Amino acid sequence: MKVRKAVIPAAGLGTRVLPATKSMPKEMLPIVDKPAIQYIVEEAVRSGITDILVITNRGKGLIEDHFDRAPELEAKLTGANKEYMYHEVVDIARLANIYFVRQKETKGLGHAVSCARSFVGDEPFAVLYGDDVIIGEDPACAQLIRAYEEFGKGVVGVKEVSEEAIQKYSSLKVEPVRERVFHCTDMVEKPSKEEIMSLYSILGRCVLPPDIFDLIDATPPGAGGEIQLTDAMCALARSQGMIAVDFTGKRYDMGNKLGIMQASVEVALQHPEIGEDFRAYLKELAASL
Ligand code: UTP
């Protein structure tokens, strides 16, 4: 079955980026001139997704506004002969069919995904974590969708991380199938040193069968007292097996300060308008460090 729906959980509290995220969702933090969540929606659209559900909560109205039309602003841009900006602004509202639902309590990523049950229905769907921006030629989400269509099993996007980092993420038991593709039969969220099964960790993307919803419902609170998506996927991996794809593309963690700065600097260097000047500035600055 074709994967045409995606869910973007964006209801976290973003405590690692306070005070910026006190009243502004971290998904709206800009990378140069575009909010993080727009990069994610664009990746989904480039991957063939037509319908997107964003999981929000109180105080995330800015996200809805960003994907809406803005008549006053549009009128101003047409009047001022700023055609290019006009199209840029209008096109955001035309990217895909975008829906919103609120996660009423911040009970974890698994719980956030379960809020998508009636939107998803009986279809496979992609999950793109709202604070993980992945930039690359071949969209990461598309790489996972291709694996889902080939193997007919749930797929997780993975990267190898350091031994210190993995304890903050998840660890997967994997066996190679071919370059960049693995079978995954077990996983653990926030492993202790003894629990580490490999340095492959789920980062930011997965494609799941609708069976995941019953598994989430049966998942008790795990690490941090939250209902963890990894715990539900672990049940899926143990019962049906999953596929892990070591996706190409550079991932930026917009949930922490260093990740935000890395994304800004690297995207700015490639930016058609400011790239050249920024490179010159950075070289000058680096020489004085
Ligand atoms: P994180 O654990 O990185 O988000 O969740 P957080 O809770 O905002 O982080 P900190 O630790 O407080 O800084 C990964 C993704 O899951 C979403 C987040 O918005 C993020 O995109 N999420 C997390 C939810 O939608 N609901 C939740 O209850 C938890």
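Structure: see above.
Summarised in this report is the structure supplied together with it. (Residues numbered from 1 in each chain as written. Predicted model: local features only at pLDDT ≥ 70, side-chain atom pairs only at ≥ 80, totals over all residues. Heavy atoms only, no water.)

### A few points about the overall build of the chain
What counts here: Segments assigned H or I by DSSP are reported as helices when at least four residues long, segments assigned E as strands when at least two residues long, and all are numbered from the N terminus. Put simply, the radius of gyration uses C-alpha atoms, and a globule should come to 2.2 Å times the residue count raised to 0.38. For every residue, the accessible area (1.4 Å probe, protein chains only) is compared with the maximum for its type, and the residue is labelled buried under 20%, exposed over 50%, or partly exposed between those bounds. Whether two residues are in contact is decided by their heavy atoms: any pair within 4.5 Å suffices. Computed by Shrake-Rupley with a 1.4 Å probe, the accessible areas treat only the displayed protein chains as cover when residues are assessed.
For the chain, the helix and strand inventory stands at 12 helices and 13 strands. For 289 residues, the compact-globule estimate of 2.2 N^0.38 gives 19 Å, and the chain sits close to it at 19 Å. Looking at the chain residue by residue over its 289 residues, the buried ones come to 50%. Contacts in the chain between residues at least 24 apart in sequence constitute 77% of all its contacts with a sequence separation of at least 6. For the chain, the exposed surface amounts to about 14500 Å²; the carbon and sulfur share of it is 52%.

### Some points on the packing of helix H11 (residues 257-270) against helix H12 (residues 275-287)
The cut-off we apply is this: Lines are fitted to the C-alpha atoms to define the axes, a helix being fitted only along its stretch in contact, and any angle between axes, read from their N-to-C directions, falls within 0 to 180 degrees. An angle counts as roughly parallel when it lies under 35 degrees, as roughly antiparallel when it exceeds 145, as roughly perpendicular when it falls between 65 and 115, and as oblique in every other case. All amino acids are sorted into three groups, where Ala, Val, Leu, Ile, Met, Phe, Trp, Tyr, Cys and Pro are nonpolar, Asp, Glu, Lys and Arg are charged, and the leftover types, Gly among them, are polar.
Packing of H11 against H12 leaves a shortest axis separation of 6 Å and a crossing angle of 125 degrees. Overall, the two elements H11 and H12 adopt an arrangement that is oblique. The residues of H12 that touch H11, namely those facing Val 265, Ala 268 and Leu 269, are Gly 275, Phe 278, Arg 279 and Leu 282. Classifying every residue of the contact of H11 with H12 by side-chain character gives 5 nonpolar, 1 polar and 1 charged.

### Looking at the pairing of strand S8 (residues 155-160)
This is how it is decided: Strands are labelled as partners when DSSP assigns at least two bridges between them.
With 5 of 6 residues buried, S8 is to be regarded as a mostly interior element. Sheet topology places S8 next to strand S11 (residues 200-208); 5 bridges connect them, and they run antiparallel. Paired with Glu 160 across the bridge in S11 is Tyr 200. Pairing analysis gives 4 bridges linking S8 to strand S12 (residues 242-246), with the strands arranged parallel. Its bridge partner being in S12, Val 158 is matched across the sheet by Asp 246.

### Some remarks on the nonpolar core
Short version of the rule: Buried Ala, Val, Leu, Ile, Met, Phe, Trp, Tyr and Cys residues form a nonpolar core when they are joined through side-chain atoms within 4.5 Å.
Among the nonpolar cores identified, the biggest contains 40 residues, and Ile 37, Ile 49, Ile 52, Leu 128, Val 155, Val 207 and Met 254 are the most heavily contacted of them. At the level of secondary structure, the elements contributing two or more residues to this core comprise strand S1 (5-9), helix H1 (36-46), strand S4 (51-56), strand S6 (125-128), helix H7 (140-151), S12 and H11. By residue number, the principal contributor to this core is H1, which donates 6 residues. What Ile 52 contacts, discounting residues up to four positions off in sequence, is Ala 6, Ile 8, Val 41, Ala 44, Val 45, Ala 96, Asn 97, Ile 98, Tyr 99 and Phe 119. By size, the runner-up hydrophobic cluster in this structure holds 34 residues, among which are Ile 55, Ala 112, Phe 119 and Val 156.

### Quick notes on the environment of Glu 27
Assignment of secondary structure puts Glu 27 in the loop between S1 and strand S2 (30-31). Remark: the alpha-carbon pair of Glu 27 and Glu 83, spanning 56 residues in sequence, is separated by 27 Å. Leaving out residues up to four positions away in the same chain, Glu 27 has contacts with Ala 10, Ala 11, Pro 35, Ala 36, Ile 37, Lys 60, Ile 63 and Gly 130.

### So, H11
Heads up, the condition is: Expected helix span is given by 1.5 Å per residue-to-residue step, counting one fewer step than there are residues. Directions are taken from the helix axis to each C-beta atom, and the arc is the one they span. Definition of a polar contact: a pair of N or O atoms within 3.5 Å, with one able to donate and the other able to accept a hydrogen when the atoms are protein atoms, and with sequence-neighbouring residues admitted only if both atoms are side-chain atoms.
Between its first and last C-alpha atoms H11 spans 21 Å; for 14 residues at 1.5 Å apiece the expected length is 20 Å, and the two agree. For H11, the full list of buried residues reads Gly 259, Ile 260, Ala 263, Ser 264, Val 267 and Ala 268. Projected onto a plane normal to the axis of H11, the buried residues spread over an arc of 155 degrees and lie on a single side. Each element contacted by the buried residues of H11 is listed here: S2, H1, strand S7 (132-135), strand S13 (250-253) and H12. Where H11 starts, the residue carrying a side-chain oxygen 3.0 Å from the main-chain nitrogen of Leu 258 turns out to be Asn 256.

### A word on the site of the ligand
As a reminder of what qualifies: For each residue, the test is whether any non-hydrogen atom lies within 4 Å of the molecule or strand; if one does, the residue is near.
Contacts to the ligand come from 18 residues, most closely from Gly 12, Gly 14, Thr 15, Gln 103 and Gly 108. Gly 12 has a polar backbone atom sitting 2.8 Å from an oxygen atom of the ligand. The backbone of Leu 13 places a nitrogen or oxygen atom 3.0 Å from an oxygen atom of the ligand. The residue inventory of the shell around the ligand, partitioned by class, reads 6 nonpolar, 7 polar and 5 charged.

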